[in-house]
Amino acid sequence: MFNIFDYRKGSRFRQNFIKVAFANLLAQGMPIIAAPLVTRLYSPSDFGTFALFSSILVILSSVATLRVDWSIPNASSRQQAMVLLLGGGGILLLFSISIALLVWAYGNKLLEHYDLEVLLPFLLWLPLAILGMGLHQLLQGWHVREANLSPISRSNINKSIFMTLSQIGLGLINTGTLGLILSLLGASWVSVMSLLRHTLNMFTLIGRCTYLRFMSTMRSFFSQSLQSTGVALINTINLSMLPILLIVYYSPTEVGWLALMQRLALAPLGVFTAALAQSFWAEAADQLKKDPAGLRRLYIQSTKKLVYISLLPVFLCALGPYYVGLILGSEWDQAGWVLISLIPMLFGQVVVSPLSHLVVHRKQHWQLCLDIMRFVATVASVMLLAAKGIGFIPLLVFVSIINLGFYGVIFYLNLKAYKID
């Protein structure tokens, strides 16, 4: 039986988990250590505008490849995986060019129509950022299929180092929000180059990709990709739409508090959850046909362990008002209360999200329906409560509790999927 906390040799899952967790410890540690300096170089308002840019970037990137990267780990052969990689790259390029033309022709009007004028000076960087993030997703999908997570770990470390150092360097010359955006953009491309360097051998497969094989493979995965795209879009909107919604009703400073607190609260746990998510996905795609009962046991046991792991950060979040302003600076005093408001959502995200892979069971439609319901509930709650003048912190508490309830349903659906399999 698998056990992610049994580190004896012989399990590829354990080996991948340990490697990725150690790399994530290095990658996530730098932003936390640098936070007291970075928060004194950039204002909460800078972080609020940056969060808005990042949210739009993440939402658009979730559909930029039609989620072909999710299908790559399920490919039956390396040749089929290469076809999907090339097909996803072509889709990504067309999407990035389309966004660039849209930004050039209608960007200003769109932002003004939706009261997002704060992004006007930075919109032109969006297509290049989408292209970098999409390439990272595709190359990561290749390495997940190969069950070789070391290149992903190295790329995350390189990305973290570059982003942290560039934020500090650009902050010292008072670049404001632009410095944060350029750091993110540069870090994405550093990560892509790092992954590409460890994937050069795969290009020997390109010569075998005939037109007929390419079209046959893309057609066979087209339906799955469309379902995955819908799931990814709604799920990403659920996770990233808050800054976009809140900026309409509240100040960039308050949105900046939320953005940084989410980042700092999830970063330490990301050491384990990201490693577990990548390792579990690689193992699930391989073991689902061989030992579904054992994989279900692994899912339940791993979820229990995540519950225990989440207790410490939940406790630290509860103490947020006592130390956030002291560590990050006086402008961040109220951000400690944001940490408290995020506790329910943080708990659900840490315990449920890393192991939820309904795509492996080909049950994307379950996830899609649930995410649509969560999207509607969140948007309706924000619009209704904000219009009634409720404060920023109470609104976050309400939204956080709603999300916790939906995470519980996701856990139930994953258990049901294992029984069906």
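The shown structure was predicted, so the numbers you read here are calculated from the model rather than taken from an experiment.

Calculation criteria
- Residues numbered from 1 in each chain as written.
- Predicted model: local features only at pLDDT ≥ 70, side-chain atom pairs only at ≥ 80, totals over all residues.
- Heavy atoms only, no water.
- Helix = DSSP H or I, 4+ residues; strand = E, 2+ residues; numbered from the N terminus.
- Buried < 20%, exposed > 50% of the residue type's maximum accessible area, 1.4 Å probe, protein only.
- Contact = heavy atoms within 4.5 Å.
- Areas by Shrake-Rupley, 256 points an atom, 1.4 Å probe, with all protein chains shown as cover.
- 1 Å grid on protein atoms, 1.4 Å probe; cavity = no way out; pocket = protein on both sides within 12 Å on 5 of 7 lines; lining within 4 Å.
- Points joined across faces, edges and corners; volume = space filled by probe spheres on them.
- Nonpolar A, V, L, I, M, F, W, Y, C, P; charged D, E, K, R; others polar.
- Core = buried A, V, L, I, M, F, W, Y, C linked by side-chain atoms within 4.5 Å.
- Expected span 1.5 Å × (residues − 1).
- Axes fitted to C-alpha atoms, helices over the stretch in contact; angles between N-to-C directions.
- Patch = residues over 30% accessible without salt bridge, like charges linked within 9 Å, V, L, I, M, F, W, Y side chains within 5 Å.
- Salt bridge = Lys/Arg side-chain N within 4 Å of Asp/Glu carboxyl O.
- Phe/Tyr/Trp six-rings, centres within 6.5 Å; stacked < 30°, edge-to-face > 60°.
- Lys NZ or Arg CZ within 6 Å of the ring centre and 35° of its normal.
- pLDDT = per-residue confidence, 0-100.
- Parallel < 35°, antiparallel > 145°, perpendicular 65-115°, else oblique.
- Left-handed = near helix turned anticlockwise from the far one by under 90°.

*Asks:* Tell me what's going on with the overall build of the protein chain, and back it up with residues and numbers.
*Replies:* A tally of helices and strands in the protein chain yields 15 helices and zero strands. When burial is assessed residue by residue, the protein chain has 54% of its 421 residues classed as buried. For the protein chain, the proportion of contacts with a sequence separation of at least 24, taken over those separated by at least 6, is 85%. Carbon and sulfur atoms make up 68% of the accessible area of the protein chain, which totals about 18,400 Å².

*Asks:* Lay out empty space enclosed by the protein in plain terms, naming residues and giving numbers.
*Replies:* For the coordinates displayed, the defined rule picks out four cavities of 30 Å³ or more. Each pocket or cavity is described by its volume, and for the second largest cavity that value is around 70 Å³. Of all the secondary structure elements, the ones that give two or more residues to the lining of the second largest cavity are α9 (252-287) and α13 (343-352). Its residues assigned to classes, the lining of the second largest cavity comprises five nonpolar, two polar and no charged.

*Asks:* Any details on the nonpolar core? Residues and values, ideally.
*Replies:* Membership of the largest hydrophobic core comes to 88 residues, with the highest contact counts inside it found for Leu246 and Met261. Looking at this core, the element that brings in the most residues is helix α15 (residues 392-420), giving 10 residues. Ignoring any residue separated from it by four or fewer positions in sequence, one finds Leu246 in contact with Val255, Leu258, Val382, Phe392, Leu395 and Leu396.

*Asks:* Provide a residue-level description of helix α6 (residues 150-172), including the pertinent values.
*Replies:* An ideal rise of 1.5 Å per residue puts 33 Å on 23 residues; α6 measures up with 33 Å between its terminal C-alpha atoms. Asn174 lies just past α6 and shows a positive phi near 60 degrees.

*Asks:* With reference to specific residues and values, describe the side chain of His136.
*Replies:* Counting through the fold element by element, His136 comes out in helix α5 (residues 126-145). Given the relative accessible area of 13%, His136 is considered buried. Once you skip the residues sitting within four places of it in the chain, His136 turns out to touch Ser155, Asn156, Ser191, Val192 and Leu195.

*Asks:* Got a sec to walk through unusual backbone geometry? Specific residues and values, please.
*Replies:* Unusually for a residue other than glycine, Leu66 sits at a positive phi of about 55 degrees. With respect to the helices, strands and loops of the structure, Leu66 is situated in the loop between α2 (44-61) and α3 (68-71). For Leu66, a relative accessible area of 26% gives the class partly exposed. Unlike most non-glycine residues, Arg67 shows phi in positive territory, near 55 degrees. Mapping Arg67 onto the fold places it in the loop between α2 and α3.

*Asks:* Would you mind going over the packing of α5 against α6 in detail, with residue names and values included?
*Replies:* The geometry of α5 relative to α6 is characterised by a closest axis approach of 8 Å and an angle of 145 degrees between their N-to-C directions. Side by side, α5 and α6 meet where His136, Gln140, His143 and Val144 of the first sit next to Pro151, Ile152, Ser155 and Asn156 of the second.

*Asks:* Quick one: what's the story with a nonpolar patch on the surface, residue by residue and with numbers?
*Replies:* Side chains of Leu312, Phe315, Leu316, Leu319 and Tyr322 sit close together on the surface and give an oily, nonpolar patch of about 550 Å² of accessible area. Considering each element in turn, the nonpolar patch owes the most residues, three residues, to helix α10 (residues 292-318). Accessibility expressed as a relative area gives 56% for Leu312, which makes it exposed.

*Asks:* Help me get a handle on the packing of aromatic side chains, residues and values and all.
*Replies:* The description of an aromatic ring pair uses the distance of the two centres, along with the angle that the planes make with each other. This model, assessed by the stated rule, comprises three aromatic pairs. With a centroid separation of 6.2 Å and 80 degrees between ring planes, the pair formed by Tyr42 and Phe47 is classed as edge-to-face. Using a relative accessible area of 2% as the deciding quantity, one classes Tyr42 as buried. Looking at Phe47, the relative accessible area reads 3%, which means it is buried. An aromatic cluster is built from Tyr42, Phe47 and Trp332, whose rings are joined through pairwise contacts. Its guanidinium or amino end placed over the ring of Tyr407, Arg374 lies 5.1 Å from that ring's centre, counting from NZ or CZ.

*Asks:* Tell me about the confidence of the model for the protein chain, and please be specific about residues and values.
*Replies:* This prediction gives the protein chain a mean pLDDT of 81; 80% of its residues lie at or above 70. Predicted confidence is poor over residues 1-10, with pLDDT under 50, and the contacts of this stretch with residues over four places away or in other chains come to 26 contacts.

*Asks:* Describe the environment of Pro44, listing the residues and the values that go with them.
*Replies:* As for its placement among the helices and strands, Pro44 is situated in helix α2. Sequence-wise, Pro44 and Leu260 are 216 residues apart; in three dimensions their C-alpha atoms are separated by 8.5 Å.

*Asks:* Before we move on, could you go through the packing of α6 against helix α7 (residues 177-197) and cite the residues and values that matter?
*Replies:* Following both chains from N to C, one finds α6 and α7 inclined at 155 degrees, their axes separated by 8 Å at the closest point. Between α6 and α7, the angle falls in the class roughly antiparallel. Of the two elements, α6 crosses α7, and the hand of that crossing is right-handed. For the pair α6 and α7, the contacting residues are Pro151, Ile152, Arg154, Ser155, Asn158, Lys159, Phe162, Met163, Ser166, Gln167 and Leu170 in the first and Gly179, Leu180, Leu182, Ser183, Leu184, Gly186, Ala187, Val190, Ser191, Ser194 and Leu195 in the second.

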